[in-house]
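Listed here are the chains, written in short residue letters.
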Amino acid sequence: MTSGDGAGDSMDGREFRRVLGHYPTGVTVVTAACPGGPEGLTIGSFTSVSLDPPLVSFCPGHDSDSWTRMRDVGSFCVNVLADDQADLSSTFASRTGDKFRGVSTRVESTGAPVIEGCFAWIDCRVETVHTAGDHDIVVGRVVALGTAEGVADPGSTTNGPLVFFKGSYGRVAGL
Ligand SMILES: Cc1cc2nc3c(=O)[nH]c(=O)nc-3n(C[C@H](O)[C@H](O)[C@H](O)COP(=O)(O)O)c2cc1C
């Protein structure tokens, strides 16, 4: 066990990531329609916050170039990736090139890109942004949402959501 029990005590970053990596998460790509073109980044820190009003949140890092450009747009879409979209997750987690090259998208309510083939999407308007250490906590009010079920996509090979656990991608078994 490693502790950081005093004010200003820094914790071993690698140990922090190792232990937090034991918490399995889904994988999302948060997108926005920015003045200079579409932007997006891979986000694992997505969660629901409130039912009434319908609020969700995610935590982008202050060092994210994409979030810096997305921050003042006022709306975003959370694309929950499907288990055949691990490559997309890697693309949107990288800092190289045009992340949207070859990616099919459409728009729903806010104009933010909805990635075709994603497992679910949640379109939001920014409600509040709170600074928390080296990240922000972005709270969004949901204005539209939907899932892949029922969307006829003959080319799709997905069974369920993409999962991230101990630094690796996986899928939910037995679905
Ligand atoms: C599975 C996974 C989950 C991630 N979750 C987050 C997150 O919650 N917050 C964050 O700031 N970065 C997260 N990242 C890293 C960002 O995606 C990455 O730093 C960012 O895309 C870098 O590009 P940018 O500078 O264009 O934003 C995650 C990466 C991966 C692979």
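Reading guide: rules and limits
Residues numbered from 1 in each chain as written. Predicted model: local features only at pLDDT ≥ 70, side-chain atom pairs only at ≥ 80, totals over all residues. Heavy atoms only, no water. Pairing = 2+ DSSP bridges. Helix = DSSP H or I, 4+ residues; strand = E, 2+ residues; numbered from the N terminus. Axes fitted to C-alpha atoms, helices over the stretch in contact; angles between N-to-C directions. Near = heavy atom within 4 Å. Areas by Shrake-Rupley, 256 points an atom, 1.4 Å probe, with all protein chains shown as cover. Nonpolar A, V, L, I, M, F, W, Y, C, P; charged D, E, K, R; others polar. Buried < 20%, exposed > 50% of the residue type's maximum accessible area, 1.4 Å probe, protein only. Polar contact = N/O pair within 3.5 Å; in protein donor to acceptor, adjacent residues only side chain to side chain. Contact = heavy atoms within 4.5 Å. Phe/Tyr/Trp six-rings, centres within 6.5 Å; stacked < 30°, edge-to-face > 60°.

What is the right way to read the sheet that holds strand 12 (residues 168-171) from this model?
Backbone-to-backbone hydrogen bonds pair the strands of a sheet. The strands run either parallel or antiparallel. As summarised here, the arrangement of the three strands in space is 1-11-12, forming an open sheet in which the pairing is antiparallel. Each edge of the sheet is formed by a strand with only one pairing partner; in this case those strands are strand 1 (25-26) and strand 12. The pairing of strand 1 with strand 11 (residues 162-165) spans two bridges and is classified as antiparallel. When the bridges of strand 11 are listed, G26 appears paired with V163.

When you look at the sheet that holds strand 6 (residues 75-80) in this model, what are you seeing that I'm missing?
Spatially, the seven strands line up as an open sheet ordered 3-2-6-9-10-5-4, and their pairing is antiparallel. Only two strands of the sheet have a single partner each, and these edge strands are strand 3 (37-43) and strand 4 (47-50). Averaged over all neighbouring strand pairs, the angle between strand axes comes to 35°, with direction disregarded.

Just checking my understanding: could you explain the site of the ligand for this structure?
Within the structure, the ligand sits among 19 residues, and S45, G61, S64, S66 and R95 are positioned closest to it. Here the ligand loses 80% of its free accessible area of 640 Å² to cover by the protein chains. Broken down by secondary-structure element, the contributors of at least two residues to the shell around the ligand are strand 3 and helix 2 (65-70). Looking at which element gives the most residues to the shell around the ligand, the answer is strand 3, with three residues. Considered class by class, the residues forming the shell around the ligand number eight nonpolar, eight polar and three charged.

Looking at this structure, how should I read the side chain of S89?
Checked against the element boundaries, S89 lands in helix 3 (residues 86-92). The exposure class assigned to S89 is buried, which follows from its relative accessible area of 1%. At 2.7 Å, the side chain of S89 and the side chain of Y169 are in polar contact. The contacts of S89, once residues within four sequence positions are left out, are V27, T42, L81, L162 and Y169.

Sorry, what's going on with the packing of aromatic side chains here?
For any pair of aromatic rings, the description rests on two quantities: the centre-to-centre distance and the angle between the ring planes. Inspection of the entire model under this criterion finds four aromatic pairs. Judged by centre distance (5.0 Å) and plane angle (70°), the rings of F58 and F76 are edge-to-face. One end of the pair, F58, is in strand 5 (residues 55-58); the other, F76, is in strand 6, and 18 residues separate them in sequence. Seen from their ring centres, F164 and Y169 are 5.2 Å apart, and the 55° between their planes marks the pair as tilted. We classify F164 as partly exposed; its relative accessible area is 32%. Overall, the relative accessible area of 36% leaves Y169 in the partly exposed class. Among the aromatic side chains, those forming a connected cluster through ring pairs are F58, W67 and F76.

Function cannot be read off these values alone, since they describe shape.
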